[in-house]
Amino acid sequence: MERSVYFDGWSPQTYCQHPSMPPRRLSMIDDLDEMGATMLVWAGLGGGSISLPYLEEEAYGAIPARFRHYGYVNDSEFISHSRARSIDLFAIVFESQAWEFPAEIVGGEVVAQNELRGVAPKSTVGLREFSSDTGPASWKSFRSYFPDGLTNSDGDDVVDLWEEVACRDLEGAPIHAHWVEVAVRDQDCYYADRNNPVWREYLKAVIRTQIDAGARGIQLDETDTPMSALRYGGCFCKDCVLEFRSYLLALAPNDLPEELAGVDLTTFDYRAWLLERGHKARENPRALPLYKHFSRSLQIAIARTFEELARFAKDYAASRGVQIRVGGNFYDLAPYWDPMVSHVDVLVTEMRETRFQQPWYFRHGVGLSRGKPLVAVENPYGGVTPLLLAKLQEGRARDLFRLTIFEASAMGANMSLPYGSWLGTEIKDSYWVPRDLVVETGQFLKQIDPLISNVSPHLTAVIFSVHSLIDNAIDSDQFADGDRWFPIVTQPDARPASYWESIESLSRSTRTFDVVVFPDEILRENDSVAQSLDRYDTVVLPDVWGVSSSQHAQLLEYLDRGGRIVVHGHYGTELANGEAERLLTHEGTTVIRSVDELPAEVPVDVIADLGELAAVSLHEIEDGVALHIVNYDYDEAQDRVRVRNNVNLGVSSQKRVTRATVHAPGRATVELPVTEISEGRWHVIVPEIASYAVVHLH
Ligand SMILES: [Zn+2]
């Protein structure tokens with residue numbers, strides 16, 4: 001499993017200032033090595049969102065002797081030294097950030113940028129100056145990167161790249177990526193739009209520069225642009241209008257919305273059409289006519305343009321004779337990322353909320369990842385990170401920190417160790433954890449690496465139905481900050497969804513499970529689900545109303561081969577009449593009324609009396625099976641997890657177990673007696689479980 005570090009490297013007690021990370025020093029590599037890092041995310045070469053020459057300065061810029069004295073290196077040197085220590089820096093591609101910064105320039109030389117000094121008249125640097133050749137003297141010309149210039153979808157030469165690539169509200173005003181603008185500075189970050197072919201060409205130039213600078217990992221960030229502009233009311237730029245027109249033209253006549261009867265779609269302009277009907281900028285997009293279709297056109301577009309960039313990165317690297325890996329930030333692992341998973345080597349999740357107990361989130365993520373490594377980082381805007389940092393700074397909460405990391409590995413994923421990582425734009429600090437604690441945590445992950453796997457022997461599968469959940473995710477409060485940007489409109493047509501509730505209920509009941517994805521077949525071809533379901537004793541269908549006929553057929557075959565299905569809520573409501581009944585009335589099907597009934601309906605892989613404040617998972621490993629146990633029973637007064645003693649555990653395993661060892665952070669590895677209580681059921685007593693323990697059944 002990868003061991004990632006969230007390597008913004010932002011300084012303590014200053015703002016986290018996108019998109020260019022602070023200069024790197026050689027001693028940082030020693031830190032990363034001690035932490036056991038194998039890969040770095042949000043880790044460097046982000047300056048392409050300012051300009052390509054700025055990015056090249058990050059990569060190759062000269063370092064004065066005084067800075068050499070302190071081990072400063074440029075990013076290409078840092079990448080090369082890191083690789084020599086088997087640490088892969090993933091260069092970051094900010095796909096929705098287009099920047100302009102305040103600057104002071106004397107004789108073509110930048111004497112202040114972002115943080116001003118008052119030593120020269122204020123001007124600006126960024127994409128606008130780059131494309132008009134009015135930037136600092138050290139910047140090479142725009143045409144030296146794009147000899148034929150760049151041409152937009154209107155056929156016009158691009159003269160102001162910054163204005164060209166911005167997402168636009170209904171009345172044409174640019175939308176800002178407000179979540180990266182530091183409020184106390186005079187910064188402007190436009191929300192850039194990947195539907196715009198000019199921006200895609202520009203991002204490809206960023207990727208080329210990063211690969212040429214030695215990066216062997218490319219991390220595509222903000223991969224849902226421009227769909228997430230819905231958060232600000234939606235983007236209605238010329239390219240989103242074109243995208244929607246193409247979507248409508250591709251619809252079957254029967255699927256065309258009534259509102260468009262008699263409208264000439266070959267010239268249809270959604271923006272003009274809305275304005276004619278009296279709509280104004282920044283209304284709640286969900287209340288606009290044709291919204292469902294507009295949302296769907298964005299779902300299709302983000303999958304296609306993501307693939308274009310991910311493929312470009314691989315192809316360009318191959319043309320230079322090197323192999324790279326592509327990582328995608330799939331934020332909260334919502335359903336619309338599923339088609340993009342096919343095009344990455346590593347999934348990164350920024351999470352929507354970082355909480356103290358959410359093992360089911362990681363089981364969800366491991367399922368969505370389809371065998372690829374899943375790396376998480378904490379989200380400063382949702383959850384406990386600022387609170388945790390405050391406690392760590394007081395010398396407290398070390399067990400709480402350990403839990404945030406070990407929960408992920410216990411569930412078959414990896415939580416990045418923080419190294420000056422992001423705290424948003426309002427907190428004047430970055431996330432640093434005491435060195436001994438991150439080193440100890442990282443070293444333990446390294447020690448148990450052979451015991452971590454994203455393949456399990458679990459007997460229960462829960463179906464994650466993309467089609468059933470995709471609209472709910474996009475129309476949820478996630479795409480609206482309360483009423484900050486537009487009035488709240490509740491979704492009258494929100495569909496029932498018990499997926500998240502179901503997996504939480506299983507986790508809290510010490511049940512183990514895998515998540516199996518049923519793709520939305522318009523966005524991604526169905527894979528051979530039948531084959532992968534056969535190894536499960538029980539398949540859970542939580543409100544899988546949006547099942548395709550082929551997925552339905554596969555479930556029926558699974559039942560006919562002796563499988564068991566547990567249904568909660570709606571099933572197959574879009575199937576032809578009577579079809580769903582065949583599954584619902586099958587002798588292998590159990591229908592439950594409440595999610596509370598679910599844990600009793602699935603097989604017990606691990607027999608344990610641990611209560612709600614624990615979670616377990618089994619990992620298939622080369623030499624047997626590993627049982628991971630996380631203990632969330634934190635005692636606030638004592639500021640540590642309550643240790644559980646003499647814990648009885650029973651494990652189902654078809655493999656013959658001959659001996660058992662237990663691994664726990666800060667403790668010696670101990671041999672345990674193991675007995676077979678019944679056929680394929682193995683029993684051990686673990687003398688002591690603090691925050692985390694891994695029992696290796698050999
Ligand atoms: Zn747009």
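1. Quick word on the domain arrangement of the protein chain
At step 1: The domain architecture assigned to the protein chain consists of domain 1 (460-601) and domain 2 (606-697).
At step 2: Between the C-alpha centres of domain 1 and domain 2 there is a distance of 30 Å.
At step 3: Taking both sides of the interface into account, the surface hidden between domain 1 and domain 2 amounts to around 560 Å²; carbon and sulfur atoms contribute 50%.
At step 4: When the buried area of domain 1 at its contact with domain 2 is split by residue, Arg 508, Thr 510 and Thr 512 rank highest and sum to 87% of it.
At step 5: Here domain 1 and domain 2 share 1 salt bridge between them.
At step 6: Note that Arg 508 is salt-bridged to Glu 612, the shortest N-O span being 3.4 Å.
At step 7: Remark: the boundary between domain 1 and domain 2 carries 1 residue pair in polar contact (both at pLDDT 80 or more).
At step 8: Looking at the side of domain 1 that touches domain 2 residue by residue, the class counts come to no nonpolar, 3 polar and 1 charged.

2. Observations regarding the coordination of the zinc ion
At step 1: Those donors, Asp 193 (OD), Cys 235 (SG), Cys 237 (SG) and Cys 240 (SG), are the protein atoms that reach the zinc ion, and they lie 1.8 to 2.4 Å from it.
At step 2: Each of the 4 donor atoms bound to the zinc ion contributes to angles spanning 100 to 117°, and the resulting shape is tetrahedral.
At step 3: Along the chain, the residues donating to the zinc ion are arranged with the sequence spacing D-x41-C-x1-C-x2-C. You can see Asp 193 sitting in the loop between β9 (188-191) and α8 (197-212) and its partner Cys 237 sitting in the loop between β10 (217-221) and α9 (238-250), a full 44 residues away along the chain.
At step 4: Taking relative accessible area as the criterion, Cys 237 reaches 8% and is therefore assigned buried.

3. So, unusual backbone geometry
At step 1: The omega torsion of the bond from His 18 to Pro 19 falls at -10°, within 30 degrees of zero and hence cis.
At step 2: Mapped onto the fold, Pro 19 is located in the loop between β1 (4-6) and β2 (24-25).
At step 3: Phi at Tyr 331 is positive, roughly 20°, even though this residue is not glycine.
At step 4: Along the chain, the position of Tyr 331 falls in the loop between β11 (325-329) and α12 (338-341).
At step 5: Take Tyr 331: its relative accessible area is 23%, and that puts it in the partly exposed class.
At step 6: We note that Thr 510 has phi near 60°; this positive angle belongs to a residue other than glycine.

4. Overview of the packing of aromatic side chains
Each aromatic ring pair is specified by the distance between its two centres and by the angle formed by the two planes.
At step 1: Following the criterion strictly, the structure yields 38 aromatic pairs and no others.
At step 2: Geometrically, the ring pair formed by Trp 162 and Tyr 190 is stacked, given 3.7 Å between the ring centres and 5° between the ring planes. Here the residue Trp 162 occupies a position in helix α7 (residues 161-164), and Tyr 190 occupies one in strand β9, the gap between them amounting to 28 residues. There is no split in this pair, since Trp 162 and Tyr 190 are both buried.
At step 3: Between Phe 268 and Trp 273, the aromatic rings sit 5.8 Å apart at their centres with planes inclined by 65°, giving edge-to-face as the arrangement.
At step 4: Its relative accessible area of 4% is what places Phe 268 among the buried residues.
At step 5: The exposure class of Trp 273 is buried, given its relative accessible area of 7%.
At step 6: Among the aromatic residues, those joined into a cluster by ring pairs are Phe 236, Phe 244, Tyr 247, Phe 268, Tyr 270, Trp 273 and Phe 294.
At step 7: If you follow Arg 495 out to its NZ or CZ, it ends over the ring of Trp 545, 3.6 Å from the centre.

5. A look at helix α16 (residues 435-447)
At step 1: Between its first and last C-alpha, α16 extends 18 Å over 13 residues, near the 18 Å set by a 1.5 Å rise per residue.
At step 2: Turning to α16, its buried residues number three or more, namely Leu 437, Val 438, Val 439, Thr 441, Gly 442, Phe 444 and Leu 445.

6. Side note on the sheet that holds β10
At step 1: Spatial strand order, β14-β13-β12-β11-β10-β5-β3-β1-β15: 9 strands in an open sheet with parallel pairing. Both edges of this open sheet fall to β14 (414-415) and β15 (417-418), since each of them pairs with a single strand only.
At step 2: Across 3 bridges, the pairing between β11 and strand β12 (residues 346-349) is parallel. Paired with Asn 329 across the two strands is Val 348, which belongs to β12.

7. So, the pattern of salt bridges
At step 1: Here the structure, examined in full by the defined rule, presents 50 salt bridges.
At step 2: Between Glu 34 and Arg 435 there is a salt bridge; the shortest N-O distance is 2.8 Å. A residue pair is termed long-range when its members are at least 10 positions apart, and Glu 34 in helix α1 (residues 26-34) and Arg 435 in helix α16 qualify at 401 residues.
At step 3: Assessed through its relative accessible area of 35%, Glu 34 is described here as partly exposed.
At step 4: Classification of Arg 435 as partly exposed rests on a relative accessible area of 43%.
At step 5: Between Arg 582 and Glu 579 there is a salt bridge, with the nearest N and O atoms lying 3.4 Å from each other. One end of the pair is Arg 582 and the other is Glu 579, both in helix α21 (residues 579-584) and 3 residues apart, which spans about a single turn.
At step 6: Overlapping salt bridges, with partners in common, bring together Arg 128, Asp 160, Glu 163 and Arg 168 in one network.

8. Some thoughts on helix α18 (residues 499-508)
Side chains that are three or four residues apart share a direction in an α-helix, a result of its 3.6 residues per turn.
At step 1: Among all positions in α18, only Tyr 499, Ser 502, Ile 503, Ser 505, Leu 506 and Ser 507 are buried.
At step 2: Downstream of α18 by a residue or two, Thr 510 has a phi angle that is positive, lying close to 60°.

9. A few points about the nonpolar core
At step 1: In terms of nonpolar packing, the biggest core is built from 181 residues, with Leu 40, Leu 161 and Tyr 270 touching the most fellow members.
At step 2: Among the elements that line this core, the one with the most residues is helix α11 (residues 291-319), at 11 residues.
At step 3: When we break this core down by domain, the ones giving at least three residues each are domain 1 (460-601) and domain 2 (606-697).
At step 4: When neighbours within four sequence positions are excluded, Leu 161 is seen to be in contact with Leu 127, Phe 130, Ser 131, Phe 142, Leu 150, Val 198 and Tyr 202.
At step 5: Counting residues in each nonpolar core, the second largest holds 23 residues, with Val 616, Val 662, Val 674 and Trp 682 among its members.

10. Brief notes about the pairing of strand β26 (residues 644-652)
At step 1: As defined by bridge partners, strand β21 (residues 606-607) adjoins β26 across 2 bridges and the pair is classed as antiparallel. In the sheet register, Ile 607 faces β26, and the bridge partner there is Gly 650.
At step 2: Relative to strand β30 (residues 681-689), β26 is paired through 8 bridges, and the arrangement is antiparallel. Residue pairing in the sheet places Val 651 in a bridge with Trp 682 of β30.

11. Focus on the sheet that holds strand β27 (residues 660-663)
At step 1: The 5 strands lie next to each other as β22-β23-β31-β27-β28, forming an open sheet whose pairing is antiparallel. Strands at the two margins of the open sheet, each flanked by one partner only, are β22 (614-621) and β28 (670-672). Across the sheet, the axes of successive neighbouring strands diverge by a mean angle of 25°, strand direction being ignored.
At step 2: Where β22 meets strand β23 (residues 624-631), 8 bridges bridge the pair, whose relative direction is antiparallel. Within the sheet, the bridge partner assigned to Ser 617 lies in β23 and is His 628.

What counts as what
- Residues numbered from 1 in each chain as written.
- Predicted model: local features only at pLDDT ≥ 70, side-chain atom pairs only at ≥ 80, totals over all residues.
- Heavy atoms only, no water.
- Domains from an automatic or database assignment.
- Buried area = accessible area lost by both parts, 1.4 Å probe.
- Salt bridge = Lys/Arg side-chain N within 4 Å of Asp/Glu carboxyl O.
- Polar contact = N/O pair within 3.5 Å; in protein donor to acceptor, adjacent residues only side chain to side chain.
- Nonpolar A, V, L, I, M, F, W, Y, C, P; charged D, E, K, R; others polar.
- Donors = N, O, S within 2.8 Å, 3.2 Å for Na, K, Ca; no water.
- Tetrahedral: all angles 85-135°; square planar, octahedral: opposite > 155°, others 65-115°.
- Helix = DSSP H or I, 4+ residues; strand = E, 2+ residues; numbered from the N terminus.
- Buried < 20%, exposed > 50% of the residue type's maximum accessible area, 1.4 Å probe, protein only.
- Phe/Tyr/Trp six-rings, centres within 6.5 Å; stacked < 30°, edge-to-face > 60°.
- Lys NZ or Arg CZ within 6 Å of the ring centre and 35° of its normal.
- Expected span 1.5 Å × (residues − 1).
- Pairing = 2+ DSSP bridges.
- Core = buried A, V, L, I, M, F, W, Y, C linked by side-chain atoms within 4.5 Å.
- Contact = heavy atoms within 4.5 Å.
- Axes fitted to C-alpha atoms, helices over the stretch in contact; angles between N-to-C directions.

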